[in-house]
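Overview (structure and organization)
Below, each chain spelled out in residue letters.
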Amino acid sequence: MSRMLPDLEAYFRSFVPARDQLLLDLEKEAEQEGIPIVGPVVGELLFILVRATGAAGILELGTATGYSTIYLGRACHPERGRVITLEQDPAMAARARANFAQAGLDKRLEVRVGSALDLMAKMSGPFDFIFMDIDKESYLPALPLCHRLLKVGGLLVTDNVGFSGAAAFNQEIFNQKQWRTVHLLSLLPQHSPEKDGLSLALRVE
Ligand SMILES: C[S@@+](CC[C@H](N)C(=O)[O-])C[C@H]1O[C@@H](n2cnc3c(N)ncnc32)[C@H](O)[C@@H]1O
């Protein structure tokens, strides 16, 4: 008869996916500078979700140095794949551009500078996949914009939904019939923070 393993947290820390030197360098920079990146487990989750859904048009809200964007760009469709990522800090956007070039992904990844809400209001879709990772107070006002920009059948992945600033968003997307949503409480090694919530929402209407 099987039982739960002892010390599940330590056990699951042994399953952190491997990554290349560029991603390792970005993790080190993030740690030194206190930049809140998704880390290798959520990065790999994004890769798997993008690859499994065959997403080609991807929108990311919140670039920082482009760590998560590189996972999205490596996963998306090899010919048609494009990622547009939105960042309010011009210095971060410049660092992300340099990292995209180093990854050999600069043709596939585009960073736009400005408030995500303002930029999204002027954009047209449809996107196949949206990853949201900006200030948590913007999650709720971003929801109708995500709905407009995402195709029916598209996936909205939202990071850090364990923060109080995300509470109104969590309740609203859970209530809306346009979405089928799961909220996952997770242990995410090297994610900022390591214990947090992630939500996955499928646009059904
Ligand atoms: C959590 S970090 C993004 C981390 C990145 N997704 C990763 O995992 O590598 C959030 C970034 O979004 C930017 N940001 C926060 N609120 C924003 C907003 N409302 N519009 C645009 N950018 C925003 C911040 O400047 C910061 O660089």
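Residues numbered from 1 in each chain as written. Predicted model: local features only at pLDDT ≥ 70, side-chain atom pairs only at ≥ 80, totals over all residues.

1. What to know about unusual backbone geometry
Under the convention used in this document: Only DSSP runs of H or I covering at least 4 residues are called helices, and only runs of E covering at least 2 are called strands; the numbering of each starts at the N terminus.
Following glycine 125, the chain continues to proline 126 via a peptide bond in cis, the omega torsion being -5°. Its location among the elements puts proline 126 in the loop between α6 (116-121) and β4 (127-132). Note that the residue after serine 192, namely proline 193, is joined by a cis bond; omega there is -5°. Along the polypeptide, proline 193 turns up in the loop between β6 (179-187) and β7 (195-203). A positive phi is found at alanine 64, a non-glycine position, where the angle reads about 50°.

2. Comments concerning the environment of tyrosine 139
Heads up, the condition is: By definition, residues are in contact whenever their C-beta atoms, placed on the basis of the backbone, come within 7 Å of each other.
On the secondary structure map, tyrosine 139 appears in helix α7 (residues 139-149). Along the sequence, tyrosine 139 and alanine 167 sit 28 residues apart, while their C-alpha atoms lie 9.2 Å from each other. Here tyrosine 139 is in contact with Met132, Thr158, Ala166 and Phe169, once residues within four sequence places are set aside.

3. Quick look at the site of the ligand
Keep this limit in mind: Being near a molecule or strand means, for a residue, that its backbone-placed C-beta atom lies within 6 Å of it. Residue polarity is assigned by list, with Asp, Glu, Lys and Arg as charged and Ala, Val, Leu, Ile, Met, Phe, Trp, Tyr, Cys and Pro as nonpolar; anything else, Gly included, falls into the polar class.
Of all residues adjacent to the ligand, which total 18 residues, the nearest are Gly62, Tyr67, Ser68, Gln88 and Ala116. Considering only residue class, the shell around the ligand consists of 9 nonpolar, 5 polar and 4 charged.

4. Concerning the packing of α7 against helix α8 (residues 167-175)
Convention followed: Axis geometry follows a simple rule: fit a line to the C-alpha atoms, using only the stretch in contact for helices, then measure angles between N-to-C directions, giving values from 0 to 180 degrees.
Direction vectors running N to C along α7 and α8 enclose 35°, while the axes themselves pass 8 Å from each other. Along its contact with α7, which presents Tyr139, Leu140 and Leu143, the element α8 presents Ala168, Phe169, Glu172 and Ile173. Among the residues forming the contact of α7 with α8, the class breakdown is 6 nonpolar, no polar and 1 charged.

5. Considerations on the environment of leucine 22
The test is simple: The exposure label follows from counting other C-beta atoms within 10 Å of a residue's C-beta, where the C-beta atoms are placed from the backbone and the thresholds are 20 or more for buried and 12 or fewer for exposed, leaving partly exposed in between.
Relative to the elements of secondary structure, leucine 22 occurs in helix α2 (residues 21-33). On the basis of neighbour counts, which here come to 15 C-beta atoms within 10 Å, the residue leucine 22 falls in the partly exposed class. C-alpha separation for the pair leucine 22 and proline 189, spaced 167 residues apart in sequence, amounts to 18 Å. Excluding its chain neighbours within four sequence positions, the residues that come into contact with leucine 22 are Gln102 and Ala103.

6. Points about the pairing of strand β5 (residues 150-158)
Note the cut-off: For two strands to be treated as a pair, DSSP must find at least two bridges joining them.
Bridging between β4 and β5 involves 5 bridges; their strand directions are parallel. When the bridges of β5 are listed, isoleucine 130 appears paired with leucine 156. With 4 bridges connecting them, β5 and β7 associate as antiparallel partners. Residue pairing for β7: threonine 158 is matched across the bridge by serine 199.

7. A short note on the sheet that holds β4
In any sheet, the strands associate via hydrogen bonds between backbone groups, in a parallel or an antiparallel arrangement. Read across the open sheet, the 7 strands follow the order β3-β2-β1-β4-β5-β7-β6; overall the sheet is mixed. Edge positions in the sheet fall to β3 (109-113) and β6, since each of these pairs with one other strand and no more. Across the sheet, the axes of successive neighbouring strands diverge by a mean angle of 15°, strand direction being ignored. Alignment of strand β1 (residues 57-61) against β4, held across 4 bridges, turns out to be parallel. By the bridge assignment for β4, leucine 59 is matched with isoleucine 130. Lying over the sheet, α8 contacts β6 and β7, oriented at roughly 140° with respect to β6.

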